[in-house]
Amino acid sequence: MTKGYSAERRKAVRHETSMKGILDCSNGSRSKVEIVDLSTSGFNAEMAQPGLTAESGFAIRMPGLESLGAELCWTASERAGFRFSHPLHPAVLDHVVRAHPATVDDE
């Protein structure tokens, strides 16, 4: 696992989003997360409880989808990047991104 993840290594275009999810860990723990970007191959999430390790298996539950297996790729503070065990179909990605657009701060 590396800290940070270079855009050049990404296999798919990421789409900004704002969506609540539940991250299940193979050790039995469960965490609420905010999915901040999503692609067919994976996602980035903000977490209330940092400290994940690559030794665990993960599954993410997003609104309207079945649980999806994921592998931890990197962590940085309260953020983490995951790769899906099986890629999302592009039509599913499009539906999820349209249903959960990124929030815009009015600063």
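Residues numbered from 1 in each chain as written. Predicted model: local features only at pLDDT ≥ 70, side-chain atom pairs only at ≥ 80, totals over all residues. Heavy atoms only, no water.

Q: Please explain helix 1 (residues 90-99) as it appears in this structure.
A: When we look at burial in helix 1, the residues that qualify are L93, V96 and V97. The arc that holds the buried residues of helix 1, viewed along the axis, is 95°, so those residues lie on one side. Facing away from the buried surface of helix 1 by more than 90 degrees, the exposed residues are H95 and R98. Contact partners of the buried residues in helix 1: strand 1 (15-25) and strand 2 (30-38). (Buried < 20%, exposed > 50% of the residue type's maximum accessible area, 1.4 Å probe, protein only. Helix = DSSP H or I, 4+ residues; strand = E, 2+ residues; numbered from the N terminus. Arc of directions from axis to C-beta. Contact = heavy atoms within 4.5 Å.)

Q: Looking at this structure, how should I read the packing of aromatic side chains?
A: The geometry of an aromatic ring pair is captured by two quantities: the separation of the ring centres and the angle between the planes. Under the defined criterion, the tally for this structure stands at three aromatic pairs. Seen from their ring centres, F43 and F82 are 4.8 Å apart, and the 10° between their planes marks the pair as stacked. Of this pair, F43 sits in strand 3 (residues 42-47) while F82 sits in strand 6 (residues 79-84); the two residues are 39 residues apart in sequence, bridging distant segments of the chain. Given the relative accessible area of 1%, F82 is considered buried. Measuring from ring centre to ring centre gives 5.5 Å for F43 and F84, while their planes differ by 35°; the resulting arrangement is tilted. Of this pair, F43 sits in strand 3 while F84 sits in strand 6, and the two are 41 residues apart along the sequence. Accessibility assignment for this pair places F43 and F84 in one class, buried. An aromatic cluster is built from F43, F58, F82 and F84, whose rings are joined through pairwise contacts. (Phe/Tyr/Trp six-rings, centres within 6.5 Å; stacked < 30°, edge-to-face > 60°.)

Honestly, it's all geometry; don't read function into it.
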